[in-house]
Amino acid sequence: VNPSADPKIRAALFDLDGTLVDTLGIGGLVHGYLYHYIVNDGLEEPTEEEMRPGKEFLNRTMGTLILKQIQMLLQMARDNGKSDEALRDHLIQILSRIEPLSQAERDLLERIPQIFSEPGLSLPDGLAQGYATMALLVQIHEAKRRNPQLFNGVRRTLERLKEFNIPVFLATGNMRLWAEFLV
């Protein structure tokens, strides 16, 4: 990076997931969990074989926001005969098995059941938000186990931008807590 070659550069904007930090493997795992829990009605941690359809789903829907992907998975479960009420009860059952590792995770876990009593929020929208929050928890747990790394050259690029006092902004289609965890 040589910002002095183009003095018109006033800021840099980067996507976080898959651009600065190698999180693709974690994304595949999260989708494996989601597919297993939502479509297959699983409760226990899925095996590699049970996660395969979720990883394939991610490959087909790459670039789609996670909330939209969850809505698609919920529709697949409905098409298989699951009611929204059964999906809600299943989500609450899954959440009761998650051990929070931090106060932020504890706060998220406590928040999910409250989503279903928010005025004006439909059950399908509450389900999507609840499963998205659960996906965030799975993401953080997997990242703590796998410790995702910056891609080659990212650290040096960011250092050079800092040397030239160029502000750096991060974007993500993920939840803020995930971005804060990675940064």
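These remarks concern the structure in this document.

1. Details of the packing of aromatic side chains
The tally for this structure, following the rule as stated, stands at 2 aromatic pairs. Arranged with centres 5.9 Å apart and planes meeting at 20 degrees, the rings of W178 and F181 form a pair that is stacked. Within this pair, W178 and its partner F181 are both found in helix α8 (residues 176–182), separated by 3 residues, close to a single helical turn.

2. Notes on the packing of helix α1 (residues 24–38) against helix α3 (residues 66–79)
Remark: α1 packs on α3, axes separated minimally by 9 Å, with the N-to-C direction vectors making an angle of 30 degrees. By the angle between their directions, the pair α1 and α3 is classed as roughly parallel. Here α1 and α3 pass one another in a crossing that is right-handed. Side by side, α1 and α3 meet where H31, L34, Y35 and I38 of the first sit next to I66, Q69, I70, L73, L74, M76 and A77 of the second. Along the lines of polarity and charge, the residues of the contact of α1 with α3 split into 9 nonpolar, 2 polar and no charged.

3. Examining helix α6 (residues 123–146)
Along its 24 residues, α6 runs 34 Å from first to last C-alpha, staying within 8% of the 34 Å computed at 1.5 Å per residue. Across the 24 residues of α6, 17 count as buried, placing the element largely inside the fold. Looking one or two residues beyond α6, the residue adopting positive phi is N147, at roughly 50 degrees.

4. Thoughts on helix α5 (residues 103–115)
The terminal C-alpha atoms of α5 lie 19 Å apart, and with 13 residues this matches the ideal 18 Å at 1.5 Å per residue to within 8%. Turning to α5, its buried residues number three or more, namely E105, L108, L109, I112 and I115. Seen along its axis, α5 keeps its buried residues to an arc of 120 degrees; they face one direction. Close packing links the buried residues of α5 with α4 (84–95), α6 and α8.

5. Structural notes on the packing of helix α2 (residues 48–61) against α3
One way to put it is that α2 packs onto α3 with a least axis distance of 11 Å and a crossing angle of 125 degrees. Relative to α3, the element α2 lies oblique. Every pair of crossing elements has a handedness; the one defined by α2 and α3 is right-handed. Together, F57, L58 and T61 of α2 and Q69, M72, L73 and M76 of α3 make up the contact between the two elements. Looking at side-chain class alone, the contact of α2 with α3 contains 5 nonpolar, 2 polar and no charged residues.

6. A closer look at the side chain of H90
Here H90 is to be found in helix α4. Looking at H90, the relative accessible area reads 6%, which means it is buried. Ignoring anything within four residues of it in the chain, the contact list for H90 reads Y37, D41, G42, L43, K82 and Y131.

7. Digging into the pattern of salt bridges
In total, this model carries 14 salt bridges according to the counting rule given. Residue R145 pairs with E142 through a salt bridge whose shortest N-O separation is 2.4 Å. With R145 and E142 both in helix α6 and 3 residues apart, this pair spans about one turn of that helix. Relative accessible area serves as the criterion here: at 3%, E142 is assigned to the buried category.

About the criteria used
Residues numbered from 1 in each chain as written. Predicted model: local features only at pLDDT ≥ 70, side-chain atom pairs only at ≥ 80, totals over all residues. Heavy atoms only, no water. Phe/Tyr/Trp six-rings, centres within 6.5 Å; stacked < 30°, edge-to-face > 60°. Helix = DSSP H or I, 4+ residues; strand = E, 2+ residues; numbered from the N terminus. Axes fitted to C-alpha atoms, helices over the stretch in contact; angles between N-to-C directions. Parallel < 35°, antiparallel > 145°, perpendicular 65-115°, else oblique. Left-handed = near helix turned anticlockwise from the far one by under 90°. Contact = heavy atoms within 4.5 Å. Nonpolar A, V, L, I, M, F, W, Y, C, P; charged D, E, K, R; others polar. Expected span 1.5 Å × (residues − 1). Buried < 20%, exposed > 50% of the residue type's maximum accessible area, 1.4 Å probe, protein only. Arc of directions from axis to C-beta. Salt bridge = Lys/Arg side-chain N within 4 Å of Asp/Glu carboxyl O.

By themselves, these observations are geometric and do not establish any function.
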